[in-house]
2 protein chains.
Amino acid sequence: MTRAYDRLETRFHQASVIGDALSMLHWDMATMMPDGSAESRAEQIAVLRGLHHQILAAPDLPDLLDAAGAEDLEDWERANLAEMRRDWVHAAALPPALVEALARAEAACEMAWREARANADFPAVLPTLRPLLGLVREVAAIKAERLGVDPYDALLDQYEPGGRAAAIEAVFDPLEAFLPGFLAEVLEAQRRNPPPAAPPGPFPVERQRALGIEMMTRLGFDFSHGRLDVSHHPFCGGHAEDTRITTRYDTADYASALLGVIHETGHALYEFGLPGGRWRHQPVGRARGMVLHESQSLLFEMQVARSRPFVAFAAPLIRAAFDGAGPDWTEEAQYRRGIAVSPGFIRVEADEVTYPAHVIIRTRLERALIAGTMDLDDLPTAWGEGYRRLLGLTPPDDAVGCLQDIHWYSGSWGYFPTYTLGAMAAAQLFDAARRALPELEAGLARGEVRPLLDWLRGAIHQRGSSGSTAELLTAATGRPLDPAVFVAHLRRRYLP
Amino acid sequence: MTRAYDRLETRFHQASVIGDALSMLHWDMATMMPDGSAESRAEQIAVLRGLHHQILAAPDLPDLLDAAGAEDLEDWERANLAEMRRDWVHAAALPPALVEALARAEAACEMAWREARANADFPAVLPTLRPLLGLVREVAAIKAERLGVDPYDALLDQYEPGGRAAAIEAVFDPLEAFLPGFLAEVLEAQRRNPPPAAPPGPFPVERQRALGIEMMTRLGFDFSHGRLDVSHHPFCGGHAEDTRITTRYDTADYASALLGVIHETGHALYEFGLPGGRWRHQPVGRARGMVLHESQSLLFEMQVARSRPFVAFAAPLIRAAFDGAGPDWTEEAQYRRGIAVSPGFIRVEADEVTYPAHVIIRTRLERALIAGTMDLDDLPTAWGEGYRRLLGLTPPDDAVGCLQDIHWYSGSWGYFPTYTLGAMAAAQLFDAARRALPELEAGLARGEVRPLLDWLRGAIHQRGSSGSTAELLTAATGRPLDPAVFVAHLRRRYLP
């Protein structure tokens, strides 16, 4: 007789394959699709999502989950069952009318946001943002009840399973206390010894692309299972056997695409390294969540690519790629440009030191808005206060203020903290890898990344979702997320 | 109360959208996908095909079809219902075990064929081809019974709905009688006045691609709803809102990719022109079948692109694209190279005059094999006899003989006749268009294709599958398929 658990595995396997097909349609939409087919692509995606949802919200699924829970299961099977239940909650908890209303509200608000941002006109987006936030709070309340957590945590759980605001505050608070003073010291040090100017270019796209591919290959990207293409917003898409990253090229600045490619390669290496075989299409075989995913991209972009040893290896390659010569191209110049700090209004342009401030501000604000302790009317003012306090800046308008990011206006609430939690996890994992591999940095200086990748595979990638983020991090580094490691990293790099 | 017919429309709409998603996955597989993801892509396609099949083979579908048949329907609805029933027969007629056995036999035989063709070793493919043919004959028998037609016609119906071998013989017989004598005359004329040699090149891929895009644009290809890419086997894929054609480039021969692009553009223009709105995702809104589809590609490749008026327009463009100069690049030289005739062993390399011989030989042979009046052991001998009789050639081995085409070895029986029926339909449609549009050829000489395209849209594209191929052709040209028009075209072009 087939176990209820095995019947669940069959269903979730099929849902996962449909998900992979969807990831290809999304990739194509961002990279290849002609403009005129947006509407038909949207319908294809809606139909496949509907079929995916039908599997996860099947009426007999709760009974199967209960029956499987009473069966004799191995550890990984039990972890898989827990992930299946989480999937089911997120898929089936909401009444169809709410799902539909949410989709419509998201589409309407995102459209209004594009225009409001262009005009730096926050009030213009309120008539669509207010109902959207109302629906998001409804979603949060329903899922909170099902998951037995706070409403904000229920939203967070969509991106970072098991994530809890209380735990986030425990690591954000010390960082928030540390950042303003540290930033002032870094800026003062930089004022005394300014980073060298970037070479003016132009840097031809074909050369940038060739350099990106060389770097990806060095980092362990497998081109028989992936691609590099161009899209307006860089991302890592596809699935474990076919991981597709994108970038965009600026002929005046080679570093932006190169570091972006390294970032997305970090995401891709996580996908490549996930457990295969029986776990490949099971929830337990997926990447753990956005915190660890971001930790893998930032580990390569921030911890590796901007480190002195790796720059020693990469600087001559980069110089050669553009036939560079002179003082702008020395290893030292490249290293110092890579760690230049410059407070600004825009999160996606922020350096490693100021980035957490952007995230902390947004996290505080979205928590208050979800909890209902702040009104949307007060958002621009509260935003400005946050920037003055943490970065010493006053945004001149809302376009470079609370209208800059798409997240809230497209319905993604509870996502922001994963960026900085990922940066902290990256510092902690790299620190642990250095301890475990005494030759690591000497190897990086020769471009040898394989030992680090092997360590990450064993410590993180191969574990899939078999434990929580905290459990995986503790197993890999000896302790849960610890802001002190990130702070120590910042001190060492920026105030040596 | 909802009509049974309307419920059917909803289901077939969803199936069509899934089909569009599948077409994108197929396109990606042929153009973009890294080699290592073949297996996972195969699984994605299998899962989506399974979902598509579930809709068409739903247990209550026959009852819905019967109930809808008793309802008050408009003409297009009734035609749609007939197409739905055909879809259902092809999807649901076969027992699942037979479908599975067939898929396995096709995969095994195609694999054996690749090696057998490389080694020119027909006996090596027999152990997999014999069981495959057995299963195909089983399929033919079951569908023949359901459709009330002969077994071969049931296979033909998969590609050319309503196609009948008897009707094909009626047009192939006179062609077969005509071809050998005509070919001898053409070759004699060519011997007296040989076509000029092709310029040696090289023709850089980027210039070929730019020329292809310019030509596609001239012919009416809408790049906001389609793309041009590279694949090993050129094809037209995607769907009406996103039609993607491919080609391959030979730097020693610009004409091959250019004419291939024009051919696939013909297919694409048919897809672009199909009825939209309510019929877009209904069976009645689809292209009528492979005969009319091939007629559209061949109309542009053979009737338009190789005509004197169009060459008068295109020759200077082509010369300029490659900075050509001298006698090899004159309009006359380009025209005469476009209509050079050269009997050979390989169908896909054949010219317009000898191509039908290749098709007639294959059609005769596959009919005999399906009927069981010939054994597979006798195929190479019968193949050689056909080539001697129709083309005066004896294939030196089976690699350039009966092993050259993938069709039979991948399970596609009943497909071959559509190529030549399409060529004949193309001649007949172009002839009708010339009569309907007295300025047509004068316009083509100035690169004006729009009047022809508009005529084709009204006569063929916009009709979808609202009538049979014979009905659409009769409405457009005044009579069903008439080999005399094709023969007259050949005489006029090749023995002026």
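Going by the annotation in an unreviewed UniProt entry, the name recorded for chain A is Metal-dependent carboxypeptidase, with Phaeospirillum tilakii given as the source organism. What UniProt records for chain A under Catalytic activity (unreviewed entry) is the sentence "Release of a C-terminal amino acid with broad specificity, except for -Pro."

Student: Give me the lowdown on the overall build of chain A, citing residues and values where you can.
Tutor: For chain A, the helix and strand inventory stands at 20 helices and 3 strands. The C-alpha atoms of chain A give a radius of gyration of 23 Å, which matches the 23 Å a tight globule of 496 residues would have. Here the C-alpha coordinates of chain A stretch approximately 70 × 50 × 50 Å along the principal axes. By residue count, 56% of the 496 residues in chain A fall in the buried class. In chain A, the proportion of contacts linking residues at least 24 apart, taken out of those at least 6 apart, comes to 73%. With the model as given, the accessible surface of chain A reaches about 19900 Å², and the carbon-plus-sulfur share is 55%. Of the side chains in chain A, 49 bear a positive and 67 a negative charge, and the two mean positions are spaced by 4 Å.

Student: Explain the packing of helix α6 (residues 126–147) of chain A against helix α7 (residues 151–159) of chain A to me, and be specific about the residues and the numbers.
Tutor: Residue and element names in this part refer to chain A. Viewed as axis vectors pointing N to C, α6 and α7 meet at an angle of 90°, and their least axial separation amounts to 7 Å. For the element pair α6 / α7, the angle class is roughly perpendicular. Across the interface between the two elements, V136, V139, A140, K143, A144 and L147 from α6 touch P151, A154, L155, D157 and Q158 from α7. Of the residues that constitute the contact of α6 with α7, the class distribution is 8 nonpolar, 1 polar and 2 charged.

Student: Hey, could you go over the state of the cysteines for me, with residue numbers and the actual values?
Tutor: Residue and element names in this part refer to chain B. Enumeration over the complete set of coordinates arrives at 0 disulfides over all chains. The structure places no disulfide on C109, whose sulfur is separated from the nearest cysteine sulfur, that of C402, by 11 Å. On the basis of relative accessibility, which here comes to 0%, the residue C109 falls in the buried class.

Student: Give a description of the packing of aromatic side chains that names residues and reports values.
Tutor: In this structure the tally under the stated criterion is 40 aromatic pairs over all chains. Ring geometry for A:F221 versus A:F272: centroids 5.1 Å apart, planes at 70°, classification edge-to-face. Taken as a pair, A:F221 in the loop between α9 (205–219) and β1 (226–230) and A:F272 in helix α10 (residues 254–273) lie far apart in primary sequence, 51 residues in all. Exposure remark for A:F221: the relative accessible area of 4% places this residue in the buried category. Each ring, one from B:W113 and one from B:Y409, has its centre 6.0 Å from the other, and the planes form 10°; the classification is stacked. Of this pair, B:W113 sits in helix α5 (residues 96–118) while B:Y409 is found in the loop between α15 (379–391) and α16 (417–436), placing the two residues 296 residues apart along the sequence. Comparing B:W113 with B:Y409, the two get one shared label, buried.

Student: Give me the relation of the copies chain B and chain A: which residues, what numbers.
Tutor: Least-squares fitting of chain B to chain A yields an RMSD of 0.0 Å, with the transformation described by 0.0 Å of translation along the axis and a rotation of 180°. Expressed as a symmetry operation, the mapping of one chain copy onto the other fits a two-fold axis. In terms of C-alpha distance to the rotation axis, chain B has B:L25 as its closest residue, with the C-alpha 3.9 Å off the axis. Comparing interface residues between copies, 100% of those in chain B also sit at the interface in chain A, which points to an isologous, same-surface contact.

Student: Describe the side chain of A:H239, with residues and values.
Tutor: Following the sequence through the fold, A:H239 ends up in strand β2 (residues 236–239). When its relative accessible area of 3% is taken as the criterion, A:H239 is described as buried. At a separation of 2.8 Å, a polar atom in the side chain of A:H239 contacts the side chain of B:Q44. Ignoring anything within four residues of it in the chain, the contact list for A:H239 reads A:D20, A:S23, A:M24, A:R280, B:S40 and B:Q44.

Student: Lay out the interface of chain B and chain A in plain terms, naming residues and giving numbers.
Tutor: By a widely used convention, the size of an interface equals the accessible area lost when the partners come together. At the junction of the two partners, chain B supplies 33 residues and chain A supplies 33 residues. A combined buried area of about 2500 Å² lies between chain B and chain A, and 62% of that area is made up of carbon and sulfur atoms. Its salt-bridge partner being B:D28, residue A:R244 comes within 2.7 Å of it at the nearest N-O pair. Summed over the shared surface of chain B and chain A, the number is 14 residue pairs in polar contact (both at pLDDT 80 or more).

Student: I'd like to hear about the sheet that holds strand β1 (residues 226–230) of chain B, residue by residue, with values.
Tutor: All names here are of chain B. The strand order across the open sheet formed by 3 strands is β1-β3-β2, and the pairing between neighbours is mixed. Looking along the sheet, the strands with just one partner apiece sit at the ends: β1 and β2 (236–239). Adjacent strand axes in the sheet meet at a mean angle of 20°, parallel and antiparallel pairs treated alike. Alignment of β1 against strand β3 (residues 242–247), held across 5 bridges, turns out to be parallel. Looking across to β3, one finds that V230 is bridged to T247.

Student: Just give me the short version of the side chain of B:R41, but keep the residues and values in it.
Tutor: Note that B:R41 resides in helix α2 (residues 38–56). In terms of polar contacts, B:R41 uses its side chain to reach the side chain of B:D28, at 3.0 Å. Apart from the residues within four sequence positions on either side, B:R41 is in contact with A:M24, A:D242, A:R244, B:L25, B:D28, B:M29 and B:M33.

Student: Tell me about the domain arrangement of chain A, and please be specific about residues and values.
Tutor: Residue and element names in this part refer to chain A. Partitioning chain A into structural domains gives domain 1 (4–141) and domain 2 (142–496). The C-alpha centroid of domain 2 is placed 25 Å from the C-alpha centroid of domain 1. Both sides together, the interface formed by domain 1 and domain 2 hides about 4700 Å², and carbon and sulfur atoms give 63% of it. The largest share of the area that domain 1 buries against domain 2 comes from W27, W76 and F122, three residues that together contribute 16% of it. Between the two partners, domain 1 and domain 2, sit 8 salt bridges. Between D375 and R130 there is a salt bridge whose closest N-O contact spans 3.4 Å. Summed over the shared surface of domain 1 and domain 2, the number is 26 residue pairs in polar contact (both at pLDDT 80 or more). Of all elements in the fold, only α1 (4–31), α4 (75–92), α5 (96–118) and α6 reach the threshold of two or more residues within the side of domain 1 that touches domain 2.

Student: Residues and numbers for the nonpolar core, please.
Tutor: Residues A:V125, A:F300, A:F310 and A:Y409 are the most contacted members of the largest nonpolar core, which totals 128 residues. Considering each element in turn, this core owes the most residues, 11 residues, to helix α16 (residues 417–436) of chain A. Here this core spans two domains, since at least three of its residues come from each of domain 1 (4–141) and domain 2 (142–496) of chain A. Setting aside anything within four residues of it in sequence, one finds A:F300 in contact with A:L219, A:I262, A:G266, A:L269, A:A305, A:V449, A:L452 and A:L456. One finds B:F122, B:F172, B:L259 and B:L391 within the second-largest nonpolar core, a separate group that totals 125 residues.

Student: Outline helix α7 (residues 151–159) of chain B, supporting the account with residue identities and numerical values.
Tutor: Every α-helix carries 3.6 residues per turn, so stepping three or four residues along brings you back to the same face. Most of α7(B) sits inside the fold, with 7 of its 9 residues counted as buried. On the buried face of α7(B), the contacting elements are α4 (75–92), α6 (122–147), α8 (165–192), α11 (290–304), α14 (355–371) and α16 of chain B.

Each value, and the rule that gives it
Residues numbered from 1 in each chain as written. Chains lettered and ligands numbered in written order. Predicted model: local features only at pLDDT ≥ 70, side-chain atom pairs only at ≥ 80, totals over all residues. Heavy atoms only, no water. UniProt positions renumbered as here; feature names shortened; annotations may be inferred. Helix = DSSP H or I, 4+ residues; strand = E, 2+ residues; numbered from the N terminus. Rg over C-alpha atoms; globule rule 2.2 N^0.38 Å. Buried < 20%, exposed > 50% of the residue type's maximum accessible area, 1.4 Å probe, protein only. Contact = heavy atoms within 4.5 Å. Areas by Shrake-Rupley, 256 points an atom, 1.4 Å probe, with all protein chains shown as cover. Lys, Arg positive; Asp, Glu negative; His and termini not counted. Charge placed at Lys NZ, Arg CZ, Asp CG, Glu CD. Axes fitted to C-alpha atoms, helices over the stretch in contact; angles between N-to-C directions. Parallel < 35°, antiparallel > 145°, perpendicular 65-115°, else oblique. Nonpolar A, V, L, I, M, F, W, Y, C, P; charged D, E, K, R; others polar. Disulfide = S-S within 2.5 Å. Phe/Tyr/Trp six-rings, centres within 6.5 Å; stacked < 30°, edge-to-face > 60°. Least-squares fit on C-alpha atoms with pLDDT ≥ 70 in both. Polar contact = N/O pair within 3.5 Å; in protein donor to acceptor, adjacent residues only side chain to side chain. Buried area = accessible area lost by both parts, 1.4 Å probe. Salt bridge = Lys/Arg side-chain N within 4 Å of Asp/Glu carboxyl O. Pairing = 2+ DSSP bridges. Domains from an automatic or database assignment. Core = buried A, V, L, I, M, F, W, Y, C linked by side-chain atoms within 4.5 Å.

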